[in-house]
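So you can see what is in the structure, the chains are spelled out below.
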Amino acid sequence: MTDDRERAGPAPRVVHIDHRQIRVLAHPLRIRLLGALRVQGSATATMLAEQLDTNTGATSYHLRQLADVGLVAEDPDRGTGRQRWWRAAHEVSDFEPTDFDDDPDARAALEWIQGHQVRLLTEQAQRWHATQSQWSSEWRDAFGMGDAFLTLPADRLKALNDELWQVLERYREAADPAEPGAEQVQVYLAAYPLLNSSDLPTAAPREA
């Protein structure tokens, strides 16, 4: 949910996603375009099309759709008369799932985005397991995932999530992309209920 390539300093630009924005964002190419701009920085439609293996026409169209709802904007420091450079309008996307309970279309868009996040995590985990032998022992010990089983009321689980996001934000603010040995990483945070007996703990070891 947080991507930033700048040194610690100004507070990150935050957008609280509204109903229109989440409906526009729930599109396979648009969500990839926004992610690319957040992670890699400003780019032209042509550059993004090459990076995402699509065509410039489609990229330009969907960038305009994102711009119409304020999720991306033209980069005045990079643009010229012949080329339009685009940047993400924010580093942090913020919303509560219940924000969209009164709008079936927005709720469906949210559910698609949540499913997309799960699919992306699965794909990234598969790529990692296929290539982890190419990384140093230091990185292999740093990467990984684990789980914990807790019994909490809803308000304490919300407090736990908020506190963990504060930890992630502290590390984000202190990050220096120019630091020797630094790599871009993506951290997922998820909490789900144990819905049936098949979800019971399996005593799998924690990787990191």
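Residues numbered from 1 in each chain as written. Predicted model: local features only at pLDDT ≥ 70, side-chain atom pairs only at ≥ 80, totals over all residues. Heavy atoms only, no water.

Engineer: With reference to specific residues and values, describe the packing of helix α2 (residues 28-40) against helix α3 (residues 45-52).
Structural biologist: Packing of α2 against α3 brings their axes to within 11 Å, and their N-to-C directions diverge by 105°. By the angle class used here, α2 and α3 are roughly perpendicular. For the pair α2 and α3, contact is made by Leu 29, Arg 32, Leu 33, Ala 36, Leu 37 and Gln 40 and by Leu 48, Gln 51 and Leu 52, respectively. (Axes fitted to C-alpha atoms, helices over the stretch in contact; angles between N-to-C directions. Helix = DSSP H or I, 4+ residues; strand = E, 2+ residues; numbered from the N terminus. Parallel < 35°, antiparallel > 145°, perpendicular 65-115°, else oblique. Contact = heavy atoms within 4.5 Å.)

Engineer: With reference to specific residues and values, describe the sheet that holds strand β3 (residues 72-74).
Structural biologist: Spatially, 3 strands are ordered β2-β4-β3 in an open sheet, and the strand pairing comes out antiparallel. In this open sheet, the two strands that pair with only one neighbour each are β2 (43-44) and β3. Of the strands in this sheet, β2, β3 and β4 (85-88) touch α2, which is tilted by about 85° from β4. (Pairing = 2+ DSSP bridges.)

Engineer: Describe a nonpolar patch on the surface, naming the residues involved and giving the relevant values.
Structural biologist: On the surface, a nonpolar cluster with roughly 250 Å² of combined accessible area is contributed by Leu 150, Leu 152 and Leu 157. Residue position: Leu 157 is located in helix α7 (residues 154-174). (Patch = residues over 30% accessible without salt bridge, like charges linked within 9 Å, V, L, I, M, F, W, Y side chains within 5 Å. Areas by Shrake-Rupley, 256 points an atom, 1.4 Å probe, with all protein chains shown as cover. Salt bridge = Lys/Arg side-chain N within 4 Å of Asp/Glu carboxyl O.)

Engineer: Break down unusual backbone geometry for me, with residues and values.
Structural biologist: You will see that Asp 53, though not glycine, has its phi angle at about 60°, which is positive. Position of Asp 53 among the secondary structure elements: in the loop between α3 and α4 (56-68).

Engineer: Quick one: what's the story with the confidence of the model for the chain, residue by residue and with numbers?
Structural biologist: Low pLDDT marks stretches whose predicted atomic positions should not be read closely. The predicted model of the chain has a mean per-residue pLDDT of 87, with 87% of residues at 70 or higher. Mean pLDDT values for the elements of the chain range from 83 in strand β5 (residues 92-94) up to 96 in α4. Of the regions scoring below 50 in pLDDT, residues 1-11 engages in 33 contacts with residues more than four places distant in sequence or in other chains. (pLDDT = per-residue confidence, 0-100.)

Engineer: Tell me about the environment of Gly 70, residues and numbers included.
Structural biologist: Looking at the element boundaries, Gly 70 is found in the loop between α4 and β3. Given a relative accessible area of 38%, Gly 70 falls into the partly exposed group. In this structure the C-alpha to C-alpha distance between Gly 70 and Ile 17, which are 53 residues apart in sequence, comes to 9.9 Å. In contact with Gly 70, not counting residues within four places along its chain, are Gln 21 and Ala 89. (Buried < 20%, exposed > 50% of the residue type's maximum accessible area, 1.4 Å probe, protein only.)

Engineer: Tell me about the packing of aromatic side chains, and name the residues and values.
Structural biologist: According to the stated counting rule, one finds 6 aromatic pairs in the structure shown. Between Phe 95 and Phe 100, the aromatic rings sit 6.1 Å apart at their centres with planes inclined by 55°, giving tilted as the arrangement. On the accessibility criterion, Phe 95 (22% relative accessible area) is partly exposed. A cation over an aromatic ring shows up here: Arg 119 above the ring of Trp 112, its NZ or CZ 5.7 Å from the ring centre. (Phe/Tyr/Trp six-rings, centres within 6.5 Å; stacked < 30°, edge-to-face > 60°. Lys NZ or Arg CZ within 6 Å of the ring centre and 35° of its normal.)

Engineer: Give me the lowdown on α2, citing residues and values where you can.
Structural biologist: End to end, α2 covers 18 Å across 13 residues, agreeing with the expected 18 Å (1.5 Å per residue, within 8%). Gly 41, located one to two residues past α2, shows a positive phi value of around 95°. (Expected span 1.5 Å × (residues − 1).)

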